[in-house]
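The primary structure of each chain is shown beneath.
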Amino acid sequence: MTETARMYGGSLYDLAAEEGLDERILGELDGVTALLNGDAEYLHLLSIPSIPKKERCALLDEAFRGQVHLYVLNFMKLLCEKGALRELPGCARAYRLRYNEAHGILEATAVSAVPLTAEQTGRLHEKLEKVTGRHIDLKTKVEPAVLGGIRLDIEGTELDGTVRSRLAGLRSSIAAATL
């Protein structure tokens, strides 16, 4: 994440939190980010310097007015005017980090070889909240290369209980023993 994204996203969070709109803005920011990421041509159009800023902002107005809070719309227009609309995903990430910090939420990703069932995900979520004493935003991801077991990434801390990791450790032990 760039310093620009951190500054702009953090400033939007401060404004939204002050107004009691932090949760609403978070959802809308995620939504517009996903929309713009899904339409590379539209994002490119909004970033063409030869199109006057006023016209590019008018396109945003036409597409989003009445669909999102005015703060989100004006935020996108500000980024567009500054030629930094491609920073929107980073700004959304910075906003989410500030939101999570303020609300005591930890982000966690569970990586497994096969999809976790709803029951397994629920038990893992419950256990993580009990162990950490915090709310957990749990996402799951499938990577067949882990072979079995589970790897957890909780805000940059990795807990690796995968078969792949254990096999690598076993290989290292065997290699060290043969030296």
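Residues numbered from 1 in each chain as written. Predicted model: local features only at pLDDT ≥ 70, side-chain atom pairs only at ≥ 80, totals over all residues. Heavy atoms only, no water.

You'll find the chain entered in an unreviewed UniProt entry as ATP synthase subunit delta, with Faecalibacterium prausnitzii given as the organism. In its Sequence similarities (unreviewed entry) section, the UniProt record describing the chain reads: "Belongs to the ATPase delta chain family." (UniProt positions renumbered as here; feature names shortened; annotations may be inferred.)

**Q** I'm lost on the sheet that holds strand S1 (residues 105-112) in this one. Help?
**A** Note: strands within a sheet are paired through backbone hydrogen bonds, in either parallel or antiparallel orientation. Strand order across the open sheet formed by four strands is S2-S1-S3-S4, with mixed pairing between neighbours. Looking along the sheet, the strands with just one partner apiece sit at the ends: strand S2 (135-142) and strand S4 (157-162). Taken over all neighbouring pairs, the strand axes of this sheet differ in orientation by 15° on average, direction set aside. Two elements, S1 and S2, share eight bridges in a ladder whose sense is parallel. Directly across from Val111, in S2, lies its bridge partner Lys141. Seen against the sheet, helix H6 (residues 88-103) touches S1 and S2 and runs at an angle of roughly 115° to S1. Here helix H7 (residues 118-132) sits on the sheet in contact with S1, S2 and strand S3 (149-154), set at roughly 140° to S2. (Pairing = 2+ DSSP bridges. Helix = DSSP H or I, 4+ residues; strand = E, 2+ residues; numbered from the N terminus. Axes fitted to C-alpha atoms, helices over the stretch in contact; angles between N-to-C directions. Contact = heavy atoms within 4.5 Å.)

**Q** I keep staring at the confidence of the model for the chain and nothing clicks. Help me out?
**A** Parts of the model with low pLDDT should not have their predicted coordinates read in detail. For the chain, per-residue confidence averages 90 on the pLDDT scale, and 96% of positions sit at 70 or higher. Put simply, helix H8 (residues 163-178) is where the chain has its lowest mean pLDDT, 70, and helix H1 (residues 3-18) is where it has its highest, 96. (pLDDT = per-residue confidence, 0-100.)

**Q** Honestly, a nonpolar patch on the surface in this entry has me stumped. Any pointers?
**A** There is a patch of nonpolar side chains on the surface, built from Leu147, Val163 and Leu167 and spanning about 240 Å² of accessible area. Relative accessible area serves as the criterion here: at 34%, Leu167 is assigned to the partly exposed category. (Patch = residues over 30% accessible without salt bridge, like charges linked within 9 Å, V, L, I, M, F, W, Y side chains within 5 Å. Areas by Shrake-Rupley, 256 points an atom, 1.4 Å probe, with all protein chains shown as cover. Salt bridge = Lys/Arg side-chain N within 4 Å of Asp/Glu carboxyl O. Buried < 20%, exposed > 50% of the residue type's maximum accessible area, 1.4 Å probe, protein only.)

**Q** Before we go on, may I ask you to explain the side chain of Ser112 in this structure?
**A** Turning to its location among the elements, Ser112 is positioned in strand S1. Given the relative accessible area of 4%, Ser112 is considered buried. In this structure Ser112 touches Lys141, Val142, Glu143, Val146 and Gly149, once residues within four positions along its chain are discounted.

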